[in-house]
Amino acid sequence: GIAHYQVSTEQIYNTIDSARNLLAVFFVASGFIIAFVLIILLRRIIIGPLLEIGSAVGLVGTGNLEVRVDLKSKDELGTLAVEINSMIGGLREKNRLEIENSVIDARNQENRKYLENINEGLLLLDHNQIISDQYSTFLETLFSTDEIAGRKFSDFLYPGGTATDEELKEI
């Protein structure tokens, strides 16, 4: 006898095609979801802090030294934020010192103007009785020398050590 069986493979191919389509949709959807999650994480972890740092640096560039970068992260961007805040603090201190120096320079110029025009012998001594560079120019005429600053007061008054012990004590 001969037995003849006919088996249809169409059902198997249809099942394989639908499984393939389902897997393709699953992997494409999974890829989109993973990409979306990665984009959100990148914005939150990297891009957001970088934009905040860039904004603060831009404000400092315009002269605003009151800005601070407030990042709570403990990674490299947090370290960068701490360094930028330190730099801003240094710039703020430098700016404050420049203003103080300009005020001091203006006062010194005004004092120099008075010392150049007064007909009195005025000078400033430090705690070791050394004459500072701020003295009236009338002293140069009065003592016939321009070597005044940096000398000890007693040596200036009594050149060559001609002062007695009592005169030095009185000075």
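This write-up is about the structure you can find in this document. On a predicted model such as this, the values are computed, not experimentally measured, just so you know.

### Some words on the packing of helix α1 (residues 10-61) against helix α2 (residues 76-117)
- The interhelical angle for the contact between α1 and α2, taken along N-to-C directions, is 10°, at an axis separation of 11 Å. When the axes of α1 and α2 are compared, the pair comes out roughly parallel. Here I45, I46, P49, L50, I53, V57 and V60 of α1 come into contact with α2, specifically with L77, L80, A81, I84, I88 and L91.
- Its residues assigned to classes, the contact of α1 with α2 shows 13 nonpolar, no polar and no charged.

### A word on unusual backbone geometry
- In the Ramachandran plot, Q129 falls in the positive-phi region, its phi being about 60° despite a non-glycine side chain.
- On the secondary structure map, Q129 appears in the loop between β1 (123-125) and β2 (131-135).
- Using a relative accessible area of 28% as the deciding quantity, one classes Q129 as partly exposed.
- Of note, S144 is a non-glycine position whose phi angle comes to about 55°, a positive value.
- Judged by relative accessible area, S144 falls into the exposed class, the value being 67%.

Here is what the cut-offs are and how they apply
Residues numbered from 1 in each chain as written. Predicted model: local features only at pLDDT ≥ 70, side-chain atom pairs only at ≥ 80, totals over all residues. Heavy atoms only, no water. Axes fitted to C-alpha atoms, helices over the stretch in contact; angles between N-to-C directions. Helix = DSSP H or I, 4+ residues; strand = E, 2+ residues; numbered from the N terminus. Parallel < 35°, antiparallel > 145°, perpendicular 65-115°, else oblique. Contact = heavy atoms within 4.5 Å. Nonpolar A, V, L, I, M, F, W, Y, C, P; charged D, E, K, R; others polar. Buried < 20%, exposed > 50% of the residue type's maximum accessible area, 1.4 Å probe, protein only.

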